[in-house]
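The primary structure of each chain is shown beneath.
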Amino acid sequence: MNAIGRAGCEVLSTLLRDPKCNLEYLDLCFNFMIDDSCAAILANSMKVNRKLKSIILVGSEITERGWHGFARVLCDASSLNKTHLSNHVLQDFGNVPLPANLSILLRLNSNNDKKQVAIQKILLRNAYFDMEPFHREWGMKMLPVAVSWFDRARCSARRIKQNFDAKKLSAIYQFAKTLPMMLVLSPKKVELEKDHEGETCRKGLRIKNRS
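Fair warning: this is a prediction, and the values are worked out from it, not measured in the lab.

1. Considering the overall build of the protein
Now for step 1: Counting its regular elements, the protein contains nine helices and four strands.
Now for step 2: Its helices and strands in sequence order give the protein the pattern α-β-α-β-α-α-α-α-α-α-α-β-β, from N to C terminus.
Now for step 3: In the protein, buried positions account for 36% of the 211 residues.
Now for step 4: Across the protein, contacts joining residues at least 24 apart in sequence account for 67% of those joining residues at least 6 apart.
Now for step 5: Carbon together with sulfur atoms contributes 57% to the accessible area of the protein, which is approximately 13500 Å² in total.

So, in structure tokens, the structure goes:
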């Protein structure tokens, strides 16, 4: 029986956060002291680690709550940018029962094209694309960039069976509805037609050209 617990996981977390750490495989099998609190420590280290592909946790005491901590690191759905910056490298925890959403994310991470992985996660976890922050910073200059991104993402959408067109149209609509109403003023002056007593005529308006 191995005896790595919380203290050991904290040491490993420090190692995994080191930019010089090139470890790709970590075997923590049958460490019965590794529980949900330990899982949280390891998961947090994976927010910055982009090298480790496998953490073998067979025989641990991690529950569904602990596994969901890893799922949030693999796909942070709190914003489009955070989803894009999630961990797209970790792929394996060994032969352990996992929540369905975590299994899907691990499978996506197995793709060597990490740009496609990021796109797939964005499409999978974001039913609604909040474009307001992009529009606020870049204005309508961001619209062709967004359209181009959706065009490149079409292949990924087919792979994960997402309603791609609806999401694309929703994003474009958010740009369109922010366009201000444009009032074009005519060089003609509108004057109220008055009768011989100076009263406003009930007949309405007369448009007169100004020469």
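2. Focus on the packing of aromatic side chains
Now for step 1: As enumerated under the stated definition, the model contains four aromatic pairs in all.
Now for step 2: The interplanar angle of 50 degrees and the centroid separation of 6.4 Å between the aromatic rings of Phe30 and Phe32 together place this pair among those described as tilted.
Now for step 3: Ring pairs connect the aromatic residues Trp67, Phe70 and Phe93, which therefore count as one cluster.

3. A word on the pattern of salt bridges
Now for step 1: Counting across every chain of the model gives one salt bridge.
Now for step 2: Notably, a salt bridge pairs Glu10 with Arg6, separated by 3.6 Å at the nearest N-O pair. Pair noted here: Glu10 and Arg6 are both in helix H1 (residues 6–17), with a separation of four residues, about one helical turn.

4. Regarding the nonpolar core
Now for step 1: By size, the foremost hydrophobic cluster in this structure holds 33 residues, and its most contacted members are Leu28, Ile55, Leu57, Trp67, Phe70, Phe93 and Leu102.
Now for step 2: Sequence-distant contacts of Leu102, that is, excluding residues within four places in its chain, are made with Trp67, Phe70, Ala71, Leu74 and Phe93.

5. Structural notes on unusual backbone geometry
Now for step 1: A positive phi angle is found at Phe30, which is not glycine, with a value near 55 degrees.
Now for step 2: Among the secondary structure elements, Phe30 is positioned in the loop between strand S1 (25–27) and helix H2 (36–45).

6. Description of the environment of Phe70
Now for step 1: Considering the arrangement of structural elements, one finds Phe70 in helix H3 (residues 64–74).
Now for step 2: Its relative accessible area of 0% is what places Phe70 among the buried residues.
Now for step 3: It is 7.6 Å that separates the C-alpha atoms of Phe70 and Ala40, two residues lying 30 residues apart in sequence.
Now for step 4: Those residues in contact with Phe70 that sit more than four places away from it in its chain are Ala39, Leu42, Ala43, Ile55, Leu57, Leu90, Phe93 and Leu102.

What counts, and where the lines are drawn
- Residues numbered from 1 in each chain as written.
- Predicted model: local features only at pLDDT ≥ 70, side-chain atom pairs only at ≥ 80, totals over all residues.
- Heavy atoms only, no water.
- Helix = DSSP H or I, 4+ residues; strand = E, 2+ residues; numbered from the N terminus.
- Buried < 20%, exposed > 50% of the residue type's maximum accessible area, 1.4 Å probe, protein only.
- Contact = heavy atoms within 4.5 Å.
- Areas by Shrake-Rupley, 256 points an atom, 1.4 Å probe, with all protein chains shown as cover.
- Phe/Tyr/Trp six-rings, centres within 6.5 Å; stacked < 30°, edge-to-face > 60°.
- Salt bridge = Lys/Arg side-chain N within 4 Å of Asp/Glu carboxyl O.
- Core = buried A, V, L, I, M, F, W, Y, C linked by side-chain atoms within 4.5 Å.

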